[in-house]
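Structural description and commentary
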Amino acid sequence: MALLKIKFTQQRRVHLAQGLWLLSWMAVMWGGVIFCLGVYLKTELLRRAEVMDNTEIHVVPNILMMVGLASIGTNWVASRVCQDSLDPTRFPRWKVPLLAWFAQLLYLCPLSLYCQVGLRNGIRFYKDTDVPGRCFQKETIDRLQMEFRCCGNNNFKDWFEVQWVSNRYLDFTSKDVKDRIRSNVDNRYLLDGVPFSCCNPTSPRPCLRYHLTDNNAHFNYDYQSEELNLYSRGCRQALTDYYMELMNSTGPGVLSVILIQSLTMGLRYLQTAVETAMVLEDPEGDSEGYLLEKGVKETIEDLKINALTMLKFGQVDPNAAEGSSEVADAEKDEKDAPPSPAS
């Protein structure tokens, strides 16, 4: 017995086709918007690829672009189905593309972004302005910290753990430089200071960048309570908030496509109603449309049988193989046997 059977007159089929045609073109436009948002997110990630801690985040814009292109293609096919649904000579050719449209519902799902971004790796190469491939790292990090109003990966103290001043600008005859280099096992020049790009221009006090942990180095200064005139937020949190905001802007677009795809399930009704009218050889008469030709349980059983049949099709029957080998051996024996004497 057919599932959710509905009776359609010719006028109702026409109205259904017109409504589905409009929804399909709306989904095409939203698919274009999703694809453009995916390209924009991909571009933003590539712009700051040098400071990302991993590249797995690129899977998100890739999926967005795939969903956008699939939505454009499949819903364009759906619009053509609606346009040709009342022409018995043209409608059957859209049966196969229609299956691809239904398959799209399997991967249209809400996307979430979990990205590990920040400057943890980037700040280690800040000083390598003379190293090929890293010479623009300093400029990239400085621009990023000023643009996003952040400092370091988690906070400004991350700069205390790396040597961000190149050896090219250090005076190794100075006692202070020698003492700082000898003070750690890695022979790095570490100091309690930060680059200029960490300075907050809205602070009323002139920027303090060096000796940030020394209360006696500056007048009226307390390391524990002073905001240090620096950006208090780390760049990891700033970048995560930025990309999450981009993803939140793409969320309504993806959900809109999912909603439209759900509404256009009426294509199944249109398809079956038109096919029923063609079987009855009365295109202008009444017909019945349904979602499934059989019940849910029977449909699942048919799918299982078809899947098992397809799996068995690629397997070799051992009994048949053994029988064919015996026949081949018998034929070989007949060829090798000496000819019988003439009578």
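About the thresholds
- Sequence positions are assigned chain by chain, starting from 1 and proceeding in written order.
- Residues qualify for local features only when their pLDDT is at least 70, as the model is predicted, and side-chain atom pairs are given and counted only at 80 or more; totals for whole chains, interfaces and linings, by contrast, use all residues.
- No hydrogens and no water enter the side-chain calculation; it runs on all heavy atoms of the structure.
- Residue-level confidence of the predictor is summarised by pLDDT, bounded by 0 at the bottom and 100 at the top.
- A run of H or I in DSSP counts as a helix once it spans at least four residues, and a run of E counts as a strand once it spans at least two, with each numbered from the N terminus.
- Note on definitions: a residue-residue contact is assigned when non-hydrogen atoms from the two residues lie within 4.5 Å.
- Residues belong to a common nonpolar core when they are buried Ala, Val, Leu, Ile, Met, Phe, Trp, Tyr or Cys residues joined through side-chain atoms within 4.5 Å.
- Here the term buried applies to any residue with accessible area under 20% of the maximum for its type, exposed to any over 50%, and partly exposed to those in between, with areas from a 1.4 Å probe on protein chains only.
- Each pair of aromatic rings taken from Phe, Tyr and Trp, with Trp reduced to its six-membered ring, is defined by centres within 6.5 Å and is described as stacked if the planes are under 30 degrees apart, edge-to-face if over 60, and tilted in the remaining cases.
- The definition used for a disulfide is geometric: two cysteine sulfur atoms within 2.5 Å.

Right, let's talk about the confidence of the model for the protein for a bit. Residues shown with low pLDDT carry predicted positions that ought not to be read at fine detail. Taken residue by residue, the protein gives an average pLDDT of 75. The fraction at 70 or more is 73%. By mean pLDDT, helix α3 (residues 95-103) is the weakest element of the protein at 46, and helix α4 (residues 137-148) is the strongest at 90. Taken as a whole, residues 92-115 scores under 50 in pLDDT and shows 52 contacts with residues more than four places along the chain or in a different chain.

Core analysis: the biggest nonpolar cluster contains 41 residues, and L41, W159, V194 and L212 have the highest contact counts within it. Of all the secondary structure elements, the ones that give two or more residues to this core are α1 (10-47), α2 (59-84), α4, α5 (175-182) and α6 (235-263). Ranked by residue count, the leading element in this core is α6, at eight residues. V194 has contacts with C151, F156, W159, F160, W164, R209, L212 and L230, leaving out every residue within four places of it along the chain. Judged by nonpolar contacts, the second largest core, of nine residues, contains V77, A78, C82 and L270.

The description of an aromatic ring pair uses the distance of the two centres, along with the angle that the planes make with each other. One pass over the full model with this rule turns up eight aromatic pairs. Where W21 meets W25, the ring centres are 6.4 Å apart and the plane angle is 65°; that geometry is what we call edge-to-face. Here W25 and W21 lie together in helix α1, a separation of four residues that amounts to about one turn. Owing to a relative accessible area of 37%, W21 belongs among the partly exposed residues under this scheme. The exposure class of W25 is partly exposed, given its relative accessible area of 32%. Where Y126 meets W159, the ring centres are 5.1 Å apart and the plane angle is 75°; that geometry is what we call edge-to-face. Of the two residues, Y126 sits in the loop between α3 and α4 while W159 sits in the loop between α4 and α5, which places them 33 residues apart along the sequence. On the basis of relative accessibility, which here comes to 0%, the residue W159 falls in the buried class. An aromatic cluster is present here, built from Y126, W159, W164 and Y210 joined pairwise through their rings.

As a further point, take the state of the cysteines. The final tally for this structure, using the stated rule, is three disulfides. Between the sulfur atoms of C150 and its disulfide partner C235 the distance amounts to 2.0 Å. Residues C150 and C235 are joined by a disulfide whose S-S torsion is about 85°; by sign, that bridge is right-handed. One end of the pair, C150, is in the loop between α4 and α5; the other, C235, is in helix α6, and 85 residues separate them in sequence. In this structure C235 comes out as buried when scored by relative accessible area, which is 0%. Across the disulfide, C151 is cross-linked to C198 (sulfur-sulfur distance 2.1 Å). Across the disulfide from C151 to C198, rotation about the S-S bond amounts to roughly 80°, and the bridge is consequently right-handed. Residue C151 is located in the loop between α4 and α5, and its partner C198 is located in the loop between α5 and α6; the two are separated by 47 residues in the primary sequence. In this pair, the class of C151 matches that of C198, namely buried.

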